[in-house]
Amino acid sequence: MSPKTPSKLEKILRAGHRAVTSECGPPRGSDPAHIVHKAQLIQRHVDAINITDNQTSVCRLCSLAACIRLKLMGLEPVLQMVVRDRNRIALQSDILGAASFDIHNLLCLSGDHQRFGDNAQGQNVFDLDSMQLLQTVRRMRDEGKFLGGDPVQRPPAMFVGAAANPFADPFEIRVPRLAKKVAAGAEFIQTQCIYNLERFEKWMELVRDRGLHEKVFILAGVTPFKSAGMARYMKSKVPGMDVPDEVVKRMAGTPKDKQAEEGITICVETIQRLKAVEGVAGFHIMAIEWEERVPEIVERAGLFPRPTV
Amino acid sequence: MIVAERKPIEEILGQVKQVRSVLVLGCNECVTVCEAGGKKEVGVLASALRMLFLQQGREVNVGERTLERQCDTEYLEEIRDMIDAFDAVVSLACGVGIQFTAERYPSKAVYPGVNTCFMGAALERGVWSERCQGCGSCILAATGAVCPITRCAKRLLNGPCGGSTAGKCEISKDVECAWQLIIDRLKALGRLEDYERLSPIKDWSTDRAGGPRKIIREDLRS
Ligand code: SF4
Ligand code: SF4
């Protein structure tokens, strides 16, 4: 199918290449140098860069402004948008703002509850949910209409994505839930970090049984561990994360000064194994505050050089 | 019912520090059932206040009364004769009763003696849980009679989010995930396929978002 938007990420995926995306968290302040520097570290090794939207409900420089920075650098941003902080007026308005800078990728998310962040006493909005945000963008793009029904001048040309967590409970609806996101308009999916490969492969099998892998591009999410401590933390403290005991043991059994190396190796092995899984259209490498190691992961996983489209 | 919690006595004391006489006014409905503002709690609060005023060396006349309902003008009329003896009222009714009392007696200062919390029910003695946020357009038919607006921390109409773990909500291991409950219910009803129906974007204008709400039933008006 030919691309529906000018998105480079979409072009790469539709051309049948494995896509590689990564993400950067904006700074807790107004200095743009930080985001520029992070992007420079990875720009040659990834096709698009997600900018997180006040992740874990900790207040940061806004995703849209950081995406504009990337755009000014000639890079391809993926604007993450959570429905926690903005109602349908603000969401539609920000979509147009992003489209006015030709930001061509949007990832629709619910967002972590504010209780995890630095403003736990704040209100949350949740006027729409992430599926309804998908529907909203698709309506703006495909029908050229606002939710209220009025026409949008110069509709946003955005390739629209969503997150999926193959590991969250209840397992039996993880695939129906993906089907729902596809029905709502998701064109690409970035998954939660994968450590439990068997469970992910089982999920992919169910995804293929329903033919969903032909309707949506699935980018498998990976995050390298920096240390055994991080593995343990992700296992026990992060909701919806599935880190098998063997992986924690493997990290813990490695001498401290070699743990970072081992974390990268596990990540590379994960990518290599998942390359063989039918329906995995690419990788989303979330190296949390460890962007400098992304190029190495991409190269060692045999995903370099990146295609030009 | 409406579930309320008693306010700390220090806070109530702070509200009435200027008064010379105060009526502690309870309500026989929801706040009696949830043991926050019925006749018993009126008695307890009034005695505590009397003692504290005494300790402060203040002579304050503390009266007690519990009405059938404070959210009903007819019952509020019952205190018309006695209210002149007091400068202020500490109402132990829900926020509705407190405001109705103040509207009925505009010259009296009316203070809240409880925090009105939610519409819910008792799970067991001493434990109450929220069930409805009065969104004004009930969607329980689609969700197996579990309300995601009230019970999902993100009021997701198409949940669950990725944070649902072993039946619990991402905000706390002590909170059930509403969407787990919905899925369990749909399964028990043999309706799991309904899960895949996208829940439409909600019209929140019938909710608090639409401004103060009012219902007018012409058929009942005389
Ligand atoms: S859907 Fe609305 S009216 Fe129905 S239980 Fe939930 S909040 Fe109450
Ligand atoms: S874990 Fe369940 S109840 Fe909690 S926010 Fe997510 S979907 Fe809602």
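A. Summary view of the sheet that holds strand E1 (residues 19–24) of chain A. All names here are of chain A. Spatially, E1-E2-E3-E4-E5-E6-E7-E8 is the arrangement adopted by the eight strands of the closed barrel, whose pairing is parallel. Looking at each pair of strands side by side, their axes are set apart by 30° on average, direction ignored. The pairing of strand E4 (residues 105–109) with strand E5 (residues 159–164) spans four bridges and is classified as parallel. Bridge pairing links Leu106 to Val160 in E5.

B. Focus on the interface of chain B and chain A. Contacts between the two partners involve 30 residues from chain B, matched on the other side by 34 residues from chain A. When the area that chain B buries against chain A is broken down by residue, the three leading residues are B:Glu196, B:Leu198 and B:Ile201, summing to 23%. Linking chain B to chain A there are two salt bridges. Among the salt bridges present, the one from A:Glu172 reaches B:Lys187, with a minimum N-O distance of 2.6 Å.

C. Highlighting the domain arrangement of chain A. Residues and elements named next belong to chain A. We note that the domain assignment places domain 1 (1–164) and domain 2 (189–302) within chain A. Between the C-alpha centres of domain 1 and domain 2 there is a distance of 23 Å. At the junction of the two partners, domain 1 supplies 22 residues and domain 2 supplies 22 residues. Summed over both sides, the interface of domain 1 with domain 2 buries roughly 2,000 Å², with 59% coming from carbon and sulfur.

D. Broad picture of the pairing of strand E7 (residues 217–222) of chain A. Residue and element names in this part refer to chain A. Of all six residues that make up E7, six are buried, and the element is covered over most of its length. The side-chain alternation of E7 yields two buried faces, one formed by Phe217, Leu219 and Gly221 and the other by Ile218, Ala220 and Val222. For the handedness criterion, the β-α-β arrangement of strand E6 (residues 188–193), helix H7 (residues 197–209) and E7 is classed as right-handed. Pairing between E7 and strand E8 (residues 280–285): five bridges, direction parallel. Of the residues in E8, the one forming a bridge with Gly221 is His284.

Rules used throughout
- Residues numbered from 1 in each chain as written.
- Chains lettered and ligands numbered in written order.
- Predicted model: local features only at pLDDT ≥ 70, side-chain atom pairs only at ≥ 80, totals over all residues.
- Heavy atoms only, no water.
- Pairing = 2+ DSSP bridges.
- Helix = DSSP H or I, 4+ residues; strand = E, 2+ residues; numbered from the N terminus.
- Axes fitted to C-alpha atoms, helices over the stretch in contact; angles between N-to-C directions.
- Contact = heavy atoms within 4.5 Å.
- Buried area = accessible area lost by both parts, 1.4 Å probe.
- Salt bridge = Lys/Arg side-chain N within 4 Å of Asp/Glu carboxyl O.
- Domains from an automatic or database assignment.
- Buried < 20%, exposed > 50% of the residue type's maximum accessible area, 1.4 Å probe, protein only.
- Right-handed = clockwise from strand over helix to strand, strands pointing away.

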